[in-house]
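# Observations on chain architecture
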Amino acid sequence: MSLLQLDNVHSYYGPSHILRGISVTIEKGEIVTLLGRNGAGKTTTVRSIAGTEPPDVRSGTIRFDGTDITDWPADDIAMGGIGVVPEGRRLFSELTVEENLEMSKITRGWWNTIRRGGLGGDDSTMSLTELYDLFPRLEERREQEAGTLSGGEQQMLSIARTLRLPDLQLLLLDEPTEGLAPQIVETVGNSIEEIASQGLTVLLIEQNVREALRIADRGYVLDQGDIVYEGSVEQLENEDLDEYLVV
Amino acid sequence: MSIDGIVGFLFIALSVASLYLLVAVGLSIVFGSLKYVNMAHGVLYLAGAYIGLLIASSNQYGGLLGEAGQVGLGWGFIPALVLTPVVIFVLGIVMERFIAKPFYERDLLDQLLVTFGILIAAQELVAIVFGRTGTIYPRPEWLTGAISLPVIGTPPGMSAASTIRVLVVVLTLLLILAIFAFFKYSDYGLAVRAGTEDSEMAQMLGIRVGRPFLLIFAVGAAYAGLAGVLGGSLFNVTSGIGMEIIIPSLVIVIMGGVGSLRGTVIGALLAGLFFATATELVPSMTRASIYLLAIVVLTLRPNGIYPSTEIGQ
């Protein structure tokens, strides 16, 4: 069974028909990239999976680990094992780094509190210590307000924050390298590879084709709400896809 | 003024500030985090005052209750002080779910009209049921008279302030510290702060933001209900007190900077000082004093004392 399966998904922003029946399959343990230029529907794809509204998914199904999650609310999807690192990072800028990291392990109701071993228990996918090992910079800045971090640090925090979710299986990364300096792009890319090597499946949305193809196993190309190409990284590298990828 | 006079004056100022603050805190948090202007918050103060009265004493009312003789449990002041906030907490939950929530996404003006209408209707309802004459809270023995306070430099080392006012000030101080601690140290407080900044992102992190918001709404309601009991024992209880408290409270919230707790505290203190000064010097200006203050403050700082964007500070 595939970990994530989008089957003929149509999504709308009000009257605008954005995703025109896309089908995407991701197997456990893969890093899959979704490429395409601005306005192709990449972020709409992420939001359709994540359960945030808009967009409105009017037809088609989204299955996660065999379960139909098409109509699930965003918080249930997050708790069910899909973490989103959204476009623009969306940190809680006036909260400290550590408070941002505490966010996704709180307020899950009394039942979840008991299930995760009582108050103070920790069921997050990665503990604070593990995250600080992965991103030492964040530990140095733990008391600092998130809004005062550099772009690269903010991106690391945005990724790290999502790894605090429990039972995380799939990570959706929406343009994680956007606006970062070239050497930082590589650092962030390496962190993503390292996270994936620990057993997480990754869907990487990118405009930075070179970096995406460096990390990914397989890719899809999206144009005007349709999947126009799919293949392995080697196939994507050899194909002339400029028509779909030039910004 | 003698030392006694100054201490007495300060406690008048502080106790008035405390009442405003207890009401304004809930208003400020809900305005700041949910972008909801809740004039119906005054209903909670009004209901608190009357429910407290019914718990504390047994009175002859006018209105529909005129024929009923003595109405009320008569359990005394302390049970009223403890039970009223609990009742108003529950009323706050009902208000959030059925009145506030459907209007979170609406225009400020829609919210204002609806909640203002609810306040007026509630006041009229109270007037019909309880009559239009005022009622006074019973004061237990230990709450009457003055309390001795140590003051440096006075020959006997003591000065006096009215006991009830000291109680109001101390209780308010504790409750305000509690709300700051709630925002800083509790999970729900963190969720409210995060949800205020980006509620969709909070949801993507698995947090059901509706619940923390409901809790904070109800806590604000309980504070207003408690203020109703305290205000009722400082002043008269009439059907018009909801309006009398909510307008100055809203002015304080705006003066302090919408959503800023620190600003609301400072705004309430200034309003209390102005109130006490006007009472002392120009009693006819007492009611107007806060608006004069607001004109000055908002001219100097158009976005309020602390134009904060973050809740809980």
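Residues numbered from 1 in each chain as written. Chains lettered and ligands numbered in written order. Predicted model: local features only at pLDDT ≥ 70, side-chain atom pairs only at ≥ 80, totals over all residues. Heavy atoms only, no water.

### Describing unusual backbone geometry
All names here are of chain A. Going from Glu53 to Pro54, the amide bond is cis rather than trans, its omega being -10°. Within the fold, Pro54 resides in the loop between α1 (42-50) and β4 (56-64). A cis amide bond links Pro54 with the next residue in sequence, Pro55, at an omega value of 5°. Relative to the assigned elements, Pro55 resides in the loop between α1 and β4. The phi torsion at Arg90 lies on the positive side, around 45°, for a residue other than glycine. Note that Arg90 resides in the loop between β6 (82-85) and α3 (97-103). One non-glycine residue, Gln224, adopts positive backbone phi at about 45°. As for its placement among the helices and strands, Gln224 is situated in the loop between β9 (218-223) and β10 (226-232). (Helix = DSSP H or I, 4+ residues; strand = E, 2+ residues; numbered from the N terminus.)

### Thoughts on the packing of aromatic side chains
All names here are of chain B. Taken as a whole and assessed by the stated rule, the structure comprises five aromatic pairs over all chains. Taking the centre distance of 5.0 Å and the plane angle of 80° together, the rings of Tyr61 and Phe130 count as edge-to-face. Residue Tyr61 is found in the loop between β1 (59-60) and β2 (70-71), and its partner Phe130 is found in helix α4 (residues 108-130); the two are separated by 69 residues along the sequence. Of the residues examined, Tyr61 reaches a relative accessible area of 4% and is grouped as buried. (Phe/Tyr/Trp six-rings, centres within 6.5 Å; stacked < 30°, edge-to-face > 60°. Buried < 20%, exposed > 50% of the residue type's maximum accessible area, 1.4 Å probe, protein only.)

### Focus: the sheet that holds strand β1 (residues 4-13) of chain A
Residue and element names in this part refer to chain A. With antiparallel pairing, four strands are arranged side by side in an open sheet as β2-β1-β4-β5. What marks the edges here is a single partner per strand, and that holds for β2 (16-26) and β5 (67-68). Across the face of the sheet, α1 comes into contact with β1, β2 and β4 while running at roughly 110° to β1. (Pairing = 2+ DSSP bridges. Contact = heavy atoms within 4.5 Å. Axes fitted to C-alpha atoms, helices over the stretch in contact; angles between N-to-C directions.)

### Focus on empty space enclosed by the protein
Think of a ball as big as a water molecule: rolled over the atoms, this probe shows where empty space is left. Residue and element names in this part refer to chain A. In total, this model carries two cavities of 30 Å³ or more according to the counting rule given. For the largest cavity, the calculated volume is near 40 Å³. Taken together, the elements giving at least two residues each to the lining of the largest cavity come down to α2 (74-80) and β6. Ranked by the residues each element gives to the lining of the largest cavity, the list is headed by α2, at three residues. Its residues placed into classes, the lining of the largest cavity shows seven nonpolar, no polar and no charged. Considered as a void within the structure, the second largest cavity measures approximately 30 Å³ in volume. (1 Å grid on protein atoms, 1.4 Å probe; cavity = no way out; pocket = protein on both sides within 12 Å on 5 of 7 lines; lining within 4 Å. Points joined across faces, edges and corners; volume = space filled by probe spheres on them. Nonpolar A, V, L, I, M, F, W, Y, C, P; charged D, E, K, R; others polar.)

### A closer look at the confidence of the model for chain B
Residues and elements named next belong to chain B. The share of residues in chain B with pLDDT of 70 or more is 94%, and the mean pLDDT across the chain is 90. Mean pLDDT values for the elements of chain B range from 67 in strand β4 (residues 158-162) up to 97 in helix α2 (residues 41-56). Counting contacts from residues 153-157, a segment whose pLDDT is below 50, to residues more than four positions away or on other chains yields four contacts. (pLDDT = per-residue confidence, 0-100.)

### What to know about the UniProt feature "transmembrane region" (unreviewed entry) in chain B
All names here are of chain B. In the numbering adopted here, UniProt assigns the feature "transmembrane region" (unreviewed entry) to residues 6-31, 43-61, 73-100, 112-131, 164-183, 213-235, 247-276 and 288-306. End C-alpha atoms of residues 73-100 are separated by 31 Å, and the span's content is 86% helix alongside 0% strand. Helix makes up 100% of residues 164-183 and strand makes up 0%, while its end C-alpha atoms are separated by 29 Å. (UniProt positions renumbered as here; feature names shortened; annotations may be inferred.)

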